[in-house]
Amino acid sequence: MPEPAPAPETAPAPAERITLKTLRRWTREGRPFAMLTCYDATTARWLWRGGIKTLLVGDTAAQMILGHDSTLPAAMDFMVAITAAVRRGAPQGFIMADMPFGSYQCGDDAAVANAMRFLTEGQADAVKLEVDRSFAPLVERMGHAGVPVVAHIGSRPQQVRHQGGYRATGRTEKQARELLHDAELMLASGTDALLIEAVPNEVTQRVIEATQRLDRTVPVIGCGAGPSCHGHVIVLHDLLGLTDWQPPFAPARTDLGRRIAEAAGEWARQVESGGYLKEGHPYKMEK
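Scope of this entry: the structure provided in the associated data block.

Reading guide: rules and limits
Residues numbered from 1 in each chain as written. Predicted model: local features only at pLDDT ≥ 70, side-chain atom pairs only at ≥ 80, totals over all residues. Heavy atoms only, no water. Patch = residues over 30% accessible without salt bridge, like charges linked within 9 Å, V, L, I, M, F, W, Y side chains within 5 Å. Areas by Shrake-Rupley, 256 points an atom, 1.4 Å probe, with all protein chains shown as cover. Salt bridge = Lys/Arg side-chain N within 4 Å of Asp/Glu carboxyl O. Helix = DSSP H or I, 4+ residues; strand = E, 2+ residues; numbered from the N terminus. Core = buried A, V, L, I, M, F, W, Y, C linked by side-chain atoms within 4.5 Å. Buried < 20%, exposed > 50% of the residue type's maximum accessible area, 1.4 Å probe, protein only. Contact = heavy atoms within 4.5 Å. Pairing = 2+ DSSP bridges. Right-handed = clockwise from strand over helix to strand, strands pointing away.

With respect to a nonpolar patch on the surface
Alright, step 1. Residues Trp-267, Val-271, Tyr-276 and Leu-277 make up a contiguous nonpolar surface patch of roughly 370 Å² in combined accessible area.
Alright, step 2. Positionally, Leu-277 belongs in the segment after α11 (256-272).

So, the nonpolar core
Alright, step 1. Within the largest apolar cluster, 76 residues are counted, with the highest numbers of intra-cluster contacts made by Leu-55, Phe-118, Leu-129, Met-142 and Leu-194.
Alright, step 2. What Leu-55 contacts, discounting residues up to four positions off in sequence, is Met-35, Leu-36, Cys-38, Ala-44, Leu-47, Val-86, Ala-90, Phe-94, Ile-95 and Met-96.

Quick look at the pairing of strand β6 (residues 193-197)
Each regular strand shows side chains that alternate between the opposite faces of the sheet.
Alright, step 1. Extensive coverage of β6 is indicated by the burial of five of its five residues.
Alright, step 2. Side chains Ala-193, Leu-195 and Glu-197 project from β6 onto one buried face, and the interleaved Leu-194 and Ile-196 project onto a second face that is buried too.
Alright, step 3. Inspection of the sheet shows strand β5 (residues 149-154) paired to β6 by five bridges, in the parallel sense. Across the sheet, residue Gly-154 finds its bridge partner in β6, namely Glu-197.
Alright, step 4. Pairing of β6 with strand β7 (residues 220-223) involves four bridges; the strand directions are parallel. When the bridges of β7 are listed, Leu-195 appears paired with Ile-221.
Alright, step 5. In this fold, β6 hands off to helix α9 (residues 201-212), which returns the chain to β7; that crossover is right-handed.

Dropping the structure here:
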């Protein structure tokens, strides 16, 4: 009689889907989490394999991908499309989508509709808005509509034209008090998380203390906001050494730009020498 077929191997357990609930658990446990910006499916897949479980589809794509000098030209359709791409690359990851300039300053009805596109078409887990206290009613309305919101306070790159450039904030007592007041209003309006950019750690600590007074857990994600944050995010291209200027809080961990240039140069030399595919061409005519 034939031998019985071997029992099938047990399939590996699927990876845990990272959600806001996961981020809240990490925050309660004091477990810091790393986040990077991401703009395409292939990179998302490799970042996930490298251990990055939370990704920000940032409007910095206008600079890193499209070559603009600010984040302002990031269009709504473009941002939704690349958010969906990142989801396809990291289906189990926590995907935060940046709402681009003009997509939520256009009236609350349009803002909520745009946010919903990120959840339905882009398959994002949350949307991020650059806010001050005047956006509190919108944050509350989005929450009531079922849209998870990350309130981005501190330095706000979408204000670059209004402010005449990029700048840190929270360095004076007046700025720190205003920032803390903005954070408290966002918390009162039901924001699901806070992202703080380019502020002193003392200010971040006060914001975290404000979250701890609540009956719910609110993760605080820093972008150059000191070591006290629950999570930290930087631009991927800064990490990889692909940018010509490094933010002081985001030193490069590798020199990928130089290595790409070297590989491209080697390819160019091989082709220009006439030697490419002279030996070992894979496609042959049939006899």
